[in-house]
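# Fold and contact review
Spelled out from the first residue to the last, the chains are:
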Amino acid sequence: MAEAEKRYRGIFILTAFIGLVSACFMAVFSFCLGKVVDVVINPSDSLQTTMLLCIGMAVCGLIASFLYDYARIVYVNKVVRCIKTKLYRALYHKELNAYLSEKNGHYLSLYSKDIDLVVDNYLMPKCSIVSNIMSASVSLLSIFIINWKLGLSFVVLSGVTVVLSQIPGAVMAKKTVEYTQHNSSYMAVLENYLKGFEQVKLLGLGNLFSGKLDANDHVYEKSRKSYLFAKVASNDIGMFIGMLSQLSCMAVGIWFVLCGNMTVGLLISAVQLLNGVFSPLQIFVQDKNLMGTAGEIIQRIDQEQIIAEKTAKEITGKVQEIAFRDLNLQFGNKEIFHDFNMTFEAGRKYAIVGESGKGKSTLMRLLMKYLTQTEYTGNVLVNRQDIRALDSDCVYDRIGYIQRNEFLIDGSVRDNIILYRKDIPDTKIAQLCQHLKLDNELVRKKIDAADSGEVSFGEKQRIDIARFMIHDYDVLIFDEPTSNLDADTANEIFNMIFGIRDKIVIVITHDRSQDVLDQFDVVLQL
């Protein structure tokens, strides 16, 4: 956050300067307004000229206010874009196990609700605070010009106002933190339930899950209610304290007029300037309270922007061997692997078969660093280098792990295969699509990412495979590559797999057909 603010400090200073200019115009307007009254009571100058000058200052003040608001919005937009760019970059530098350890809804909340709160409760108030301090200072200085004793009285009353207005700030900060925490929890539940909508519907459990969702929503909306009430109450209390202070200042001003220390026109100018003191002070206190609520959110955003320095090693040479040595892993009370040993060598093809839950995919997810190094014992070695010490990006560049997923982007099937990669020859894409029985009409077919119904499960499976096959990996891992495919297409996929040379090829499959398994060099039964 601090880096983004420093980067656009120039715009912030310009915004503050425009705010100062606006305050100066409004101070001159206040003097002109009092002058109009004095001219009416004691015609010493042209009323018309004084009125025109008063109107001119008001118009200039309005223009300056528009420019200030625009500059403030530009500053906030620049800072937010800088923060989000860093967040997106940091996201794709996260380890898979770190990403998967977060609750559902964490990132949705981070990029939407948390950023909104930073804008509303920190960046906008930060600009406003500087502008309002300068505006109040200009108005107070102008009151000192009218009468220094009056100005001194107003300073004392203003100080009392600021101190008393701090009272609701602590409550508001607490309610804001509670609201953001409940928001994250609710988003996680909502995302998870929506993900399971199909299963819930098919099981006829809609009423049960609707009630559960409603119960979670009740807690979330209750925290929102407390947050909004604290926010409104803080503003109301600040306004009430400000009104009492203004009334006190008015009484002081009237006393000065009655004592003959100032004219009625100057009193009106002082009253107008008084609004230029207390209105900014009220907003200052409100903004200060708001900024006090953003500390924890900013800390979380700053933490998410951190990109760990790479100290891991690169894989030495082409991957010739993958070995699991004395591997032990269990989830809860369920033991998945016990002193497991296995070696996969280049130029050979391996089938991994076994019942569900026996660790077929888990074994490969260990290799792909889905699990942290504390979740298992033993060693996973690539070219005799421990996977724990290897750079993840290097692993993903050498080892392709092809599994079914639901990810699509807006565009054609071809766009969904290349995924923005520009350096892939058209001939290679065409050849690969031919192997996977993706005809030209299908390749040109447009897909709406929000409505994946335009492609079948089988077509989506082939798109998943094609995404990886256009890159030259040393190791190819296929996790159920023929599920959801018809027999002919499944045979084509297996023929393509068996045609791969000089790589480590690992296929996780439920296909127990002896004709298929006989074509593998090794069949690993788990």
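Residues numbered from 1 in each chain as written. Predicted model: local features only at pLDDT ≥ 70, side-chain atom pairs only at ≥ 80, totals over all residues. Heavy atoms only, no water.

Bringing the sheet that holds strand S1 (residues 321-331) into the picture now. Taken in spatial order, the four strands make up an open sheet running S2-S1-S4-S5, and their pairing is antiparallel. Each edge of the open sheet is held by one strand with a lone partner, namely strand S2 (334-345) and strand S5 (385-386). Two elements, strand S4 (residues 377-382) and S5, share two bridges in a ladder whose sense is antiparallel. If you follow Val382 over to S5, its bridge partner there is Gln385. (Pairing = 2+ DSSP bridges. Helix = DSSP H or I, 4+ residues; strand = E, 2+ residues; numbered from the N terminus.)

This paragraph deals with helix H5 (residues 106-146). Between the first and last C-alpha of H5 there are 56 Å, a value that for 41 residues agrees with the 60 Å anticipated at 1.5 Å per step. If you look at H5, its biggest bend is around 35 degrees, right at Pro125. (Expected span 1.5 Å × (residues − 1). Bend = angle between axes of the 7 residues up to and from the residue.)

A separate point is the nonpolar core. Ile417, Leu436, Ile465, Met469, Phe478 and Ile497 are the most contacted members of the largest nonpolar core, which has 38 residues in total. Not counting residues within four places of it along the chain, the set of residues in contact with Ile465 comprises Ile402, Leu436, Phe478, Pro481, Ile493 and Met496. With 35 residues, the next largest nonpolar core counts Tyr350, Leu363, Met368 and Ile387 among its residues. (Core = buried A, V, L, I, M, F, W, Y, C linked by side-chain atoms within 4.5 Å. Buried < 20%, exposed > 50% of the residue type's maximum accessible area, 1.4 Å probe, protein only. Contact = heavy atoms within 4.5 Å.)

Bringing the packing of aromatic side chains into the picture now. If you walk through the whole model with that rule in mind, you get 15 aromatic pairs. Ring centres of Tyr179 and Tyr227 lie 4.9 Å apart, and the angle between their planes is 10 degrees; this geometry places the pair in the stacked category. With a gap of 48 residues between them, Tyr179 in helix H7 (residues 169-195) and Tyr227 in helix H9 (residues 206-258) connect regions that are remote in the sequence. Its relative accessible area of 1% is what places Tyr179 among the buried residues. (Phe/Tyr/Trp six-rings, centres within 6.5 Å; stacked < 30°, edge-to-face > 60°.)

In this section: unusual backbone geometry. Unlike most non-glycine residues, Tyr420 shows phi in positive territory, near 70 degrees. Counting through the fold element by element, Tyr420 comes out in the loop between helix H14 (413-418) and helix H15 (426-435). The class for Tyr420 is exposed, based on a relative accessible area of 62%.

Further remarks concern the sheet that holds strand S9 (residues 475-479). Pairing is parallel in the open sheet, where five strands are placed in the order S6-S9-S10-S3-S11. Looking along the sheet, the strands with just one partner apiece sit at the ends: strand S6 (399-402) and strand S11 (522-525). The average undirected angle you get between the axes of adjacent strands in this sheet is 15 degrees. Pairing of strand S3 (residues 349-353) with S11, which is carried by four bridges, proceeds in the parallel orientation. When the bridges of S11 are listed, Val353 appears paired with Gln525. Helix-sheet contacts for helix H18 (residues 487-498) involve S3, S9 and strand S10 (504-508), and the interaxial angle to S10 is about 155 degrees. (Axes fitted to C-alpha atoms, helices over the stretch in contact; angles between N-to-C directions.)

So, on to the pairing of S10. Of all five residues in S10, five are buried, a share of seventy percent or more. Here S10 shows two buried faces, one formed by Ile504, Ile506 and Ile508 and the other by Val505 and Val507. Bridge count for S3 against S10 is four bridges, and the pairing is parallel. Bridge pairing in S10 links Tyr350 to Ile506. Pairing of S9 with S10, which is carried by five bridges, proceeds in the parallel orientation. Following the sheet pairing, Val475 is matched in S10 by Ile504. Traced from S9 through H18 to S10, the parallel crossover comes out right-handed. (Right-handed = clockwise from strand over helix to strand, strands pointing away.)

Under the counting rule described, the total for this entry stands at twelve salt bridges. Note that Arg72 is salt-bridged to Asp69, the shortest N-O span being 3.6 Å. Here Arg72 and its partner Asp69 are both found in helix H3 (residues 47-91), three residues apart, which amounts to about one turn of the helix. One salt bridge connects Asp426 with Arg414, and the closest N-O pair in it is separated by 2.5 Å. Taken together, the residues span a long stretch of sequence, with Asp426 in helix H15 and Arg414 in helix H14 at a distance of twelve residues. The class for Asp426 is exposed, based on a relative accessible area of 54%. The structure contains a network of salt bridges with shared partners spanning Lys460, Asp464 and Arg467. (Salt bridge = Lys/Arg side-chain N within 4 Å of Asp/Glu carboxyl O.)

This part covers empty space enclosed by the protein. The final tally for this structure, using the stated rule, is one cavity of 30 Å³ or more. In terms of lining residues, the largest cavity is bounded by Ile402, Gln403, Arg404, Gln461, Asp464, Ile465, Asp479, Glu480 and Pro481. No other element matches the three residues that helix H17 (residues 457-469) contributes to the lining of the largest cavity. Split into classes, the residues belonging to the lining of the largest cavity amount to three nonpolar, two polar and four charged. (1 Å grid on protein atoms, 1.4 Å probe; cavity = no way out; pocket = protein on both sides within 12 Å on 5 of 7 lines; lining within 4 Å. Points joined across faces, edges and corners; volume = space filled by probe spheres on them. Nonpolar A, V, L, I, M, F, W, Y, C, P; charged D, E, K, R; others polar.)

Moving on, we come to the environment of Ile297. Looking at the element boundaries, Ile297 is found in helix H11 (residues 295-305). Put simply, Ile297 and Tyr122 are 175 residues apart on the chain and 10.0 Å apart in space, counted from C-alpha to C-alpha. If we ignore the near neighbours within four places in the chain, the residues touching Ile297 are Asp114, Leu117, Val118 and Thr180.

Bringing the side chain of Lys503 into the picture now. Looking at the element boundaries, Lys503 is found in the loop between H18 and S10. Engagement of the side chain of Lys503 in a polar contact is seen with the side chain of Asp472, the distance being 2.6 Å. Setting aside anything within four residues of it in sequence, one finds Lys503 in contact with Ala346, Gly347, Arg348, Asp472, Tyr473, Asp474 and Leu476. (Polar contact = N/O pair within 3.5 Å; in protein donor to acceptor, adjacent residues only side chain to side chain.)

Running from N to C, H17 and H18 cross one another at 15 degrees; their axes reach a closest spacing of 13 Å. Classified by the interaxial angle, the pair formed by H17 and H18 is roughly parallel. Our pair here, H17 against H18, has a crossing hand that is left-handed. Side by side, H17 and H18 meet where Arg462, Ile465 and Met469 of the first sit next to Thr489, Ile493 and Met496 of the second. Of the residues assigned to the contact of H17 with H18, the class counts are four nonpolar, one polar and one charged. (Parallel < 35°, antiparallel > 145°, perpendicular 65-115°, else oblique. Left-handed = near helix turned anticlockwise from the far one by under 90°.)

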